[in-house]
Amino acid sequence: MKRIHAQRLREVYRSAGWPYQDIVEVDLLAAGLLERISSGTGHELIRVTDAGIAHLAGAAEGNRQARSAHEALVDKVAESMMRDGRLVWTGLNLRARLTGESNEDTHWKMCQPDVFSIRNSSRQEYLEPVVHEIKVSRADLLGDLKRAEKRQSYLDVGGQCWYVLGNGPKGKPIAEPDEIPNECGVMIMQDNRLEVARLAPRRVAKNLPFSIWMSLAKATPMRLSRVDSVQVTLPCQA
């Protein structure tokens, strides 16, 4: 069963039970997670079985664990940036300008970086905006890497873009650094320590657009409420 199957189960559970009659429904019927019933008017309906309810509960618990791991890693990255003296925001909704080969290809895209930070400076050229994208699921990471426009939007709003990789069930990083595009840096979580696996290329500093300033003005930067044992370790130089 894939994510789309759990999504369909939720939709059927909340609906009047009208069938979709597609391959996803066939999969769920074959697995015993849905069943066909007859309505009082003679129409055929579908409903979630007890096994389907159990599958939904398991999927919900998995989602809660993934969110918890994701939020914990977001906090660690944010605290690391704040200890470096940076101003940090999470949950921002920023507008990025994506340029194509011609002016006609230029368009705007909204992006939501997990962690966005700037240097605590009054000089535009010293702000050095940075985006950190947090990933704790390999499936989520691989899906994200296919979305080139999303990555381009992060590079537009941030002078640097980092992918921060959590650990999988076996305690190993969910991906290797060379799986991440070269225009992005890579951090991995090891023994409660953020390790820099590959430095993010520095790009020419530019002034923050007015739309980003307005988003920052409407939001509240995070505060360093506590200092834990998280450290950032740079890669060894030969």
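None of the values given here were measured: they were computed from a predicted structure.

Quick look at the overall build of the chain now. In terms of helices and strands, the chain carries 6 helices and 11 strands. Intrachain contacts of the chain at a sequence separation of at least 6 include 58% that bridge at least 24 residues.

Tracing the backbone shows L94 in strand β4 (residues 94-98). Between the alpha carbons of L94 and K109 there is a distance of 8.3 Å; along the sequence they are 15 residues apart. In this structure, L94 is in contact with K109, M110, C111, P113, F116, V157, I212 and S215, ignoring residues within four places of it in sequence.

In contact at an axis separation of 10 Å, helix α1 (residues 3-14) and helix α2 (residues 23-30) are set at 85 degrees when each is read in the N-to-C sense. It follows from the interaxial angle that α1 and α2 lie roughly perpendicular. Packed against α1, whose contacting residues are I4, H5, R8 and L9, the element α2 presents V24, E25, D27 and L28 at the interface. Considered class by class, the residues forming the contact of α1 with α2 number 4 nonpolar, 1 polar and 3 charged.

Turning to unusual backbone geometry, a few remarks are in order. Working note: non-glycine residues mostly have negative phi, and peptide bonds are mostly trans. Even without glycine at this site, Q21 takes up a positive phi of about 60 degrees. Phi angles above zero are rare outside glycine, and E128 is one such case at about 50 degrees. Inspection of the secondary structure puts E128 in the loop between β6 (115-119) and β7 (130-135).

Scored by pLDDT, the chain has a mean of 86; 89% of the residues are at 70 or more. Considering only residues more than four positions removed or in separate chains, one finds that residues 226-230, a stretch of pLDDT under 50, has 10 contacts.

A few words on the state of the cysteines. In total, this model carries 0 disulfides according to the counting rule given. Sulfur of C161: no disulfide; nearest cysteine sulfur belongs to C184 and is 3.9 Å away.

This part covers α1. Each full turn of the α-helix corresponds to 3.6 residues, which orients residues three or four apart in the same direction. Compared with an ideal rise of 1.5 Å per residue, which puts 12 residues at 16 Å, α1 spans 17 Å between its outermost C-alpha atoms and is within 8% of the ideal. Within α1, burial applies to H5, A6, R8, L9 and V12. Buried positions in α1, seen along its axis, are confined to an arc of 160 degrees and lie on one side of it. What points out from α1, more than 90 degrees from its buried face, is the exposed set R3 and R14.

Reading the values: rules and limits
- Residues numbered from 1 in each chain as written.
- Predicted model: local features only at pLDDT ≥ 70, side-chain atom pairs only at ≥ 80, totals over all residues.
- Heavy atoms only, no water.
- Helix = DSSP H or I, 4+ residues; strand = E, 2+ residues; numbered from the N terminus.
- Contact = heavy atoms within 4.5 Å.
- Axes fitted to C-alpha atoms, helices over the stretch in contact; angles between N-to-C directions.
- Parallel < 35°, antiparallel > 145°, perpendicular 65-115°, else oblique.
- Nonpolar A, V, L, I, M, F, W, Y, C, P; charged D, E, K, R; others polar.
- pLDDT = per-residue confidence, 0-100.
- Disulfide = S-S within 2.5 Å.
- Expected span 1.5 Å × (residues − 1).
- Buried < 20%, exposed > 50% of the residue type's maximum accessible area, 1.4 Å probe, protein only.
- Arc of directions from axis to C-beta.

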